[in-house]
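Observations on the model geometry
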Amino acid sequence: MSASRRATYILRNNRVKNMKLRRTKNAAYSYSWNEEGEKMLPEHYKKRCLEFMSKEPTSVHYIPSTGTFGIHKNTKLPNKIQNVPIPVLYPQDANKGLWGGEGYILGYKMDKSHLRMKNRLPKIWKPFISKRAVYSEILDKWFEIPMTMRVLDLIDECHGFDNYILKTHERDLNSLLAMKLRREMLLALANKTCYPDDKDKQEKIIHKYHEFIIPAEEAEWVGLTITEALHKAWRNRRNLPQNRPKPLKEVYEERLVLKLHLKKENQWEAIMEDSDREKPQEEKPPSLIQKLNPFSAYNKNKKQ
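Conventions used here
- Residues numbered from 1 in each chain as written.
- Predicted model: local features only at pLDDT ≥ 70, side-chain atom pairs only at ≥ 80, totals over all residues.
- Heavy atoms only, no water.
- Salt bridge = Lys/Arg side-chain N within 4 Å of Asp/Glu carboxyl O.
- Helix = DSSP H or I, 4+ residues; strand = E, 2+ residues; numbered from the N terminus.
- Buried < 20%, exposed > 50% of the residue type's maximum accessible area, 1.4 Å probe, protein only.
- Phe/Tyr/Trp six-rings, centres within 6.5 Å; stacked < 30°, edge-to-face > 60°.
- Lys NZ or Arg CZ within 6 Å of the ring centre and 35° of its normal.
- Expected span 1.5 Å × (residues − 1).
- Arc of directions from axis to C-beta.
- Contact = heavy atoms within 4.5 Å.

It is worth spelling out the pattern of salt bridges at this point. In the structure shown here, the tally under the stated rule is six salt bridges. One salt bridge in this structure joins R48 and E170, with 2.9 Å as the shortest N-O distance. Placement of R48 in helix 3 (residues 43-54) and of E170 in helix 6 (residues 170-173) is noted, with a sequence separation of 122 residues between them. Taking relative accessible area as the criterion, R48 reaches 17% and is therefore assigned buried. Within the structure, one salt-bridge network assembled from shared partners comprises E38, E43 and K46.

This is the structure:
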């Protein structure tokens, strides 16, 4: 077996099989629901999900060309520019850290031992990930998160970890961990639970991040997966007063109190007699003998 065929066999049977890659629209997770979920989920949550699935991510692994036409480098003739993004795959580990849009790239490399044969060996390019300690000013906590070097540069560009999580679009974050942190930050700002012992510090933090404050009812839905959102919507619908199941103990108690109250006023017997009169008398089905007897009332009514 040649080196290229051996490498292809190893890649298909070991690496790709063991990697749990999500074959979605170049995202670490996705949103999809049925007709029942369409009725249960709130509008702001569905709008955010549709925006996430329709928006194109920021180019990370290639530099897009600007304009519509350009000069071909070989023919020196004008040609139309086509920005074709490099397909990127995101494993499940991308939801446990901050990758900044980086992912796995499947491709080929030249076999140096057989340059004349021009054999191509399959290769997987992976981002360099290391654990880094970051501080959240809103939550007043330190987090040790696996992240890429690109995320560190983005945090410096946004002037802080909190600004990076709150400013960056969900499509570019592409991580459930990042959306969970965003939900905690938004809830802390909306409910004013940050720095409860220091009111002056709390006012400074709320004033600093006032542009990101949204109602607590919307902040509770940020970063929820479809399964978590449906469970939350089902619990909210069940807790409504009109949908809350009434215990039989309370039902029987109300009936007993009403019965005793009517008996005290001597109205119970009259109500029961009226209810018996209003009940329609159910007709008994004819027996087999009545059906066979030609002179029975059943057959006479049937002839009429």
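Let us keep going from here.
Bringing the packing of aromatic side chains into the picture now. Throughout the structure, instances matching the rule amount to eight aromatic pairs. Ring geometry for Y29 versus Y31: centroids 5.7 Å apart, planes at 90 degrees, classification edge-to-face. Across the pair, exposure class does not vary: Y29 and Y31 are buried alike. Judged by centre distance (6.2 Å) and plane angle (85 degrees), the ring pair of Y31 and Y45 falls under edge-to-face. Of this pair, Y31 sits in the loop between helix 1 (3-18) and helix 2 (35-40) while Y45 sits in helix 3; the two residues are 14 residues apart in sequence, bridging distant segments of the chain. For the pair formed by Y31 and Y45, the shared burial category is buried. Linked through ring pairs, Y29, Y31, Y45, F52 and W221 together constitute an aromatic cluster. The lysine or arginine in question, R171, covers the ring of F52, its NZ or CZ lying 5.4 Å from the ring centre.

The subject of this paragraph is helix 3. Taking 1.5 Å per residue as the helical rise, helix 3 with its twelve residues ought to reach 16 Å, and the 16 Å between its terminal C-alpha atoms agrees with that figure. Taken as a whole, helix 3 has its buried residues at Y45, K46, R48, C49 and F52. Viewed end-on, helix 3 has its buried residues packed into an arc of 160 degrees, placing them on one side of the element. Counted as exposed and oriented over 90 degrees from the buried face of helix 3: E43, K47, L50 and S54. Residues of helix 3 that are buried make contact with helix 2, helix 6, helix 7 (176-191) and helix 10 (226-238).

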